[in-house]
Amino acid sequence: MRIRILIFVILFSFGIGLYLPFISLKEFQGEEGRRVLIAIQMLENSEYLVPKLFGEPYFMKPPLFNWALALFFKLTGNFSEFSARAFSALSLIGASLFLTFIWLNILKKFKKEPSLLEYLLPGLIFLTTPEVIDKALRAEIDGFYTAIITIGIYSWFFFHEIQKRKTLAFILLGFFLGLGVLTKTFQALVFFYFAYIPYLFWQRRLKEIFSFHHLLGISTALLVFLLWAIPVSQKVGLKPFISAWIEEYISSAKAKEMSFLQHLESFTLQALIGFSPWLFTVLIILKSEFRDFLKSQNLGLNKLFFFSVFLFVFGYLFHFLFPGARLRYMLPSVSGLIFCATITFYYLFSLEKMSQKLNIFFKIVLALSIFLSFVSLLYLFFTRLSVLSLFYLFLFLFIFFNLWFLYKKSYTYKELFLFLCFYVFFIKHLYVTFYYPLHEKEMNYFRKAAFQIAELIKDKKELYLCKVIPHHLVYYLKYRYKLIDRIEYLKDCQNLPNKSYILVKADEENYPKEKINKIYSVEIRKKKYYLLITY
């Protein structure tokens, strides 16, 4: 019990220290404003069954993330940027603890006294994966969704393959996959089958696809979905949701942001960055010594490695070949990479020293990191760019950290692992202490626009949105800074209220111009709006 508590404290503290500092400096971007607005308006209107924006049903995504975020807002009594993003961070910290729990229980079956660092492997690797870090800093669906799918898939593996409790395994799988469907539609189901089908083929157990237990899992997932779908179909009909989900799949597949070859290049580059440095550990499968090591260990370790390889590789290939797919779409597959890297380092820890070639490469990386750090200092000195004092603190700690390792003559793989974890930790904090304050100062488009509009409206404290909902702007105007008491959405612009302020897109022409007293131009990033004042 003591070791479990210690593991929890270390991983939770490391995750908090890695994810939460400076998380609120940058204004909302992407879909953050939309997700937060829906959750806030659920609480505001006590309407939870159907996600809505200003009374209009929002069909593009199921409601579970909004429910969870609304509950978090209710518990914390706060819906600031910090709270909204902290929910994603805590979801992923929870996933890291779950993966560590699975690893701990598998490891104990064939090794009597594993070291603390061996126990911590999957949790630290998961927390320090750059793509995971990115989603932990955003108030979007991906972090929560990844946590749900990860728990579902590896609950199945642990109880089905290790504990041999097949009924429980498929019930848990179905429950969490059902939650996944209620978070990001039916694509949640495919992640399990990326691993399940090739794993059964490798095990020569394909007939289990037709087993009662598999059917039980599918039925459980369907039941979880129907618990929401039936009351929704009675209230607004299920067709609008299903049609919107299908349309989203089709529009993603038809996306023409770049050619197919450009997509392949871009997706590969994003994967190399987003999953480094752990991605390269998968290559160890090419070494016969590692394969012999797997065979010599408990069968559960061998199964875990190949199940995880299938999950990550087929998840990657599917999205790699799918036009319009983005790296975040495959994030629920990342737990496969985590266990591949975990087992790789578990094997490497059993070796005494790093190879001579790796030693040399490691020293080159250290020297290059130190060189680039001093170049950064010189750049900041000559450009006189204003950054936080904490940036310089992290930069000097980073230089000292690299110098300390460079001074050593040789290294163990445990030292290499710790170096990689803290290297990512320092890089992340150097990035946020440099970029986030700069963003807050130079790129606060929606925050600045909110105060600009509030200044124009002054004591009126009321705004109408004509056929447009700029989510971030609405959040800052009404909820974050409480600059305006009332915001209403107008489906058309023909019947504009008298003596009122109406926000429209600059290219909107379908409104009675004879009713307009004044027009103010409001620019937000690359979009232009007009603030109309009616007679």
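This one's a predicted model, so the numbers in the text were calculated from it and none came from an experiment. For every chain, the first residue of the written sequence is number 1, and numbering continues from 1 onward in sequence order. Residues qualify for local features only when their pLDDT is at least 70, as the model is predicted, and side-chain atom pairs are given and counted only at 80 or more; totals for whole chains, interfaces and linings, by contrast, use all residues. Derived side-chain values reflect all non-hydrogen atoms in the structure, with water molecules and hydrogen atoms excluded from consideration.

Novice: Looking at this model, I keep getting lost on the overall build of the protein. Mind explaining?
Specialist: A run of H or I in DSSP becomes a helix once it reaches four residues, and a run of E becomes a strand once it reaches two; helices and strands are each numbered from the N terminus. Scanning the protein from N- to C-terminus turns up 20 helices and seven strands. Using C-alpha atoms as the atom set, the radius of gyration is obtained and then compared with a globule rule of 2.2 Å times the number of residues to the power 0.38. Against the 2.2 N^0.38 benchmark of 24 Å for 535 residues, the protein shows a C-alpha radius of gyration of 26 Å, consistent with a compact globule. Its C-alpha atoms put the protein at 85 × 65 × 50 Å along the principal axes. Buried residues in the protein amount to 53% of all 535 residues. Taking contacts inside the protein between residues at least 6 apart in sequence as the whole, the part at least 24 apart equals 75%. Here the protein holds 61 positive side-chain charges and 36 negative ones, and the gap between their average locations is 7 Å. Only protein chains enter the area calculation, which uses a 1.4 Å probe; residues under 20% of their type maximum are buried, those over 50% are exposed, and those in between are partly exposed. Every residue pair with non-hydrogen atoms within 4.5 Å of one another is taken to be in contact. When charges are counted, Lys and Arg are positive and Asp and Glu negative, with His and the chain ends excluded. To locate a charge, take NZ of a lysine, CZ of an arginine, CG of an aspartate or CD of a glutamate.

Novice: Explain the packing of helix H2 (residues 32-45) against helix H20 (residues 471-480) to me, please; I cannot follow it from the model alone.
Specialist: In helix packing, the relevant descriptors are the interaxial angle and the interaxial distance, both defined with respect to the helix axes. An axis is simply a line fitted to the C-alpha atoms; with a helix, the fit covers only the stretch in contact. Between two such axes, the angle follows the N-to-C directions and lies from 0 to 180 degrees. Their axes nearest at 8 Å, the elements H2 and H20 cross at an angle of 45 degrees. Relative to H20, the element H2 is oriented oblique. Handedness of the crossing formed by H2 with H20: left-handed. Here Glu32, Gly33, Arg34, Val36, Leu37, Ile40, Gln41 and Glu44 of H2 come into contact with H20, specifically with His471, His472, Val474, Tyr475, Lys478 and Tyr479. Each residue is assigned to one of three groups, with Ala, Val, Leu, Ile, Met, Phe, Trp, Tyr, Cys and Pro labelled nonpolar, Asp, Glu, Lys and Arg labelled charged, and all others, Gly among them, labelled polar. Taken together, the residues of the contact of H2 with H20 break down into six nonpolar, four polar and four charged. Here is the rule for angles: anything less than 35 degrees is roughly parallel, anything more than 145 is roughly antiparallel, 65 through 115 is roughly perpendicular, and the remaining ranges are oblique. Helix crossings are classified by the rotation of the near helix relative to the far one: an anticlockwise turn of less than a right angle makes the crossing left-handed, while a clockwise turn makes it right-handed.

Novice: What should I look at first to understand the nonpolar core in this one?
Specialist: Nonpolar side chains in soluble globular proteins generally cluster together in the buried interior. In terms of nonpolar packing, the biggest core is built from 181 residues, with Tyr154, Trp156, Phe275, Phe417 and Leu463 touching the most fellow members. Of the residues forming this core, the biggest block, 15 residues, is contributed by helix H4 (residues 81-110). Residues Leu490, Val504, Tyr511 and Ile516 belong to the second largest nonpolar core, which totals 10 residues. Here, nonpolar core means buried Ala, Val, Leu, Ile, Met, Phe, Trp, Tyr and Cys residues that are tied together by side-chain atoms lying within 4.5 Å of each other.

Novice: Before we go on, may I ask you to explain the pairing of strand E3 (residues 462-466) in this structure?
Specialist: For a regular strand, side-chain orientation follows a simple rule: the groups alternate between the two sheet faces. Along E3, five of the five residues are buried, which leaves the element largely enclosed by surrounding structure. Residues Glu462, Tyr464 and Cys466 line one face of E3 and the alternating positions Leu463 and Leu465 line the opposite face, and both faces are buried. By the convention used here, strands pair only if DSSP detects at least 2 bridges between them. The pairing of E3 with strand E4 (residues 486-490) spans five bridges and is classified as parallel. Paired with Tyr464 across the strands is Glu488, a residue of E4. When the strands point away from the viewer and the path from the first strand over the helix to the second turns clockwise, the crossover is right-handed. In this fold, the crossover linking E3 to E4 by way of H20 has right-handed handedness. Of the pairings in the sheet, the one linking E3 to strand E5 (residues 501-505) comprises two bridges and is parallel in character. From the neighbouring strand, Leu465 faces E5, where its bridge partner is Leu503.

Novice: Would you mind going over the state of the cysteines with me for this structure?
Specialist: Structurally, a disulfide amounts to a covalent bond that connects the sulfur atoms of two cysteines. Any two cysteine sulfur atoms within 2.5 Å of one another count as a disulfide. Enumeration over the complete set of coordinates arrives at one disulfide. Cys466 shares a disulfide with Cys493; S-S distance 1.4 Å. Its torsion about the S-S bond being -120 degrees, the disulfide of Cys466 and Cys493 is classed as left-handed. Placement of the pair is Cys466 in strand E3 and Cys493 in the loop between E4 and E5, with a sequence separation of 27 residues. In this pair, the class of Cys466 matches that of Cys493, namely buried. No disulfide involves Cys340; its sulfur sits 17 Å from that of Cys421, the nearest cysteine.

Novice: Explain helix H3 (residues 64-76) to me, please; I cannot follow it from the model alone.
Specialist: Along an α-helix, a turn takes 3.6 residues, which lines up residues three or four apart on a common side. Multiplying 1.5 Å by the residue count of a helix minus one yields the expected span of that helix. Compared with an ideal rise of 1.5 Å per residue, which puts 13 residues at 18 Å, H3 spans 18 Å between its outermost C-alpha atoms and is within 8% of the ideal. What H3 keeps buried is the set Leu64, Phe65, Asn66, Ala68, Leu69, Ala70, Phe72 and Phe73. Residue Gly77 follows H3 closely and has a positive phi angle near 65 degrees.

Novice: What am I meant to see in the packing of aromatic side chains here?
Specialist: A ring pair, where both rings are aromatic, is described by two values, the distance of the centres and the angle of the planes. Aromatic rings from Phe, Tyr and Trp, taking only the six-membered ring of Trp, are treated as a pair when their centres fall within 6.5 Å; an angle between ring planes under 30 degrees marks them as stacked, one over 60 as edge-to-face, and anything in between as tilted. Tallied over the entire structure, the rule returns 82 aromatic pairs. The interplanar angle of 75 degrees and the centroid separation of 5.9 Å between the aromatic rings of Trp278 and Phe345 together place this pair among those described as edge-to-face. Here the residue Trp278 occupies a position in the loop between helix H12 (260-274) and helix H13 (288-296), and Phe345 occupies one in helix H15 (residues 334-348), the gap between them amounting to 67 residues. In this pair, the class of Trp278 matches that of Phe345, namely buried. For a lysine, the NZ atom is tested; for an arginine, the CZ atom; a charge sits over a ring if that atom is within 6 Å of the ring centre and within 35 degrees of the ring normal. Above the plane of the ring of Phe349 lies Lys414, whose end atom (NZ or CZ) is 5.7 Å from the centre. Above the face of the Tyr511 ring, Lys513 is positioned so that its terminal group lies 4.6 Å from the ring centre.

Novice: Would you take a moment to explain the sheet that holds E5 for this structure?
Specialist: Sheet strands pair via backbone hydrogen bonds, and the direction of the pair is either parallel or antiparallel. Taken together, five strands build an open sheet; the order of strands is E4-E3-E5-E7-E6 and the sheet is mixed. Two strands in the sheet have a free side with no partner beyond their single neighbour: E4 and strand E6 (516-524). Pairs of neighbouring strands in the sheet enclose a mean axial angle of 25 degrees, with direction left out of account. Against the sheet, helix H19 (residues 445-457) contacts E3, E5, E6 and strand E7 (527-534), and its axis sits at roughly 165 degrees relative to E6. This element, H20, spans E3, E4, E5 and E6 of the sheet and lies at about 150 degrees to E4.

Novice: Explanation requested: the confidence of the model for the protein in the structure shown.
Specialist: Reading fine detail from the predicted coordinates is not recommended where pLDDT is low. Per-residue confidence from the prediction method is given by pLDDT, with values spanning 0 to 100. For the protein, per-residue confidence averages 91 on the pLDDT scale, and 97% of positions sit at 70 or higher. Per-residue pLDDT, averaged within each element of the protein, yields its smallest value for helix H11 (residues 239-253) (78) and its largest for helix H8 (residues 166-184) (97).

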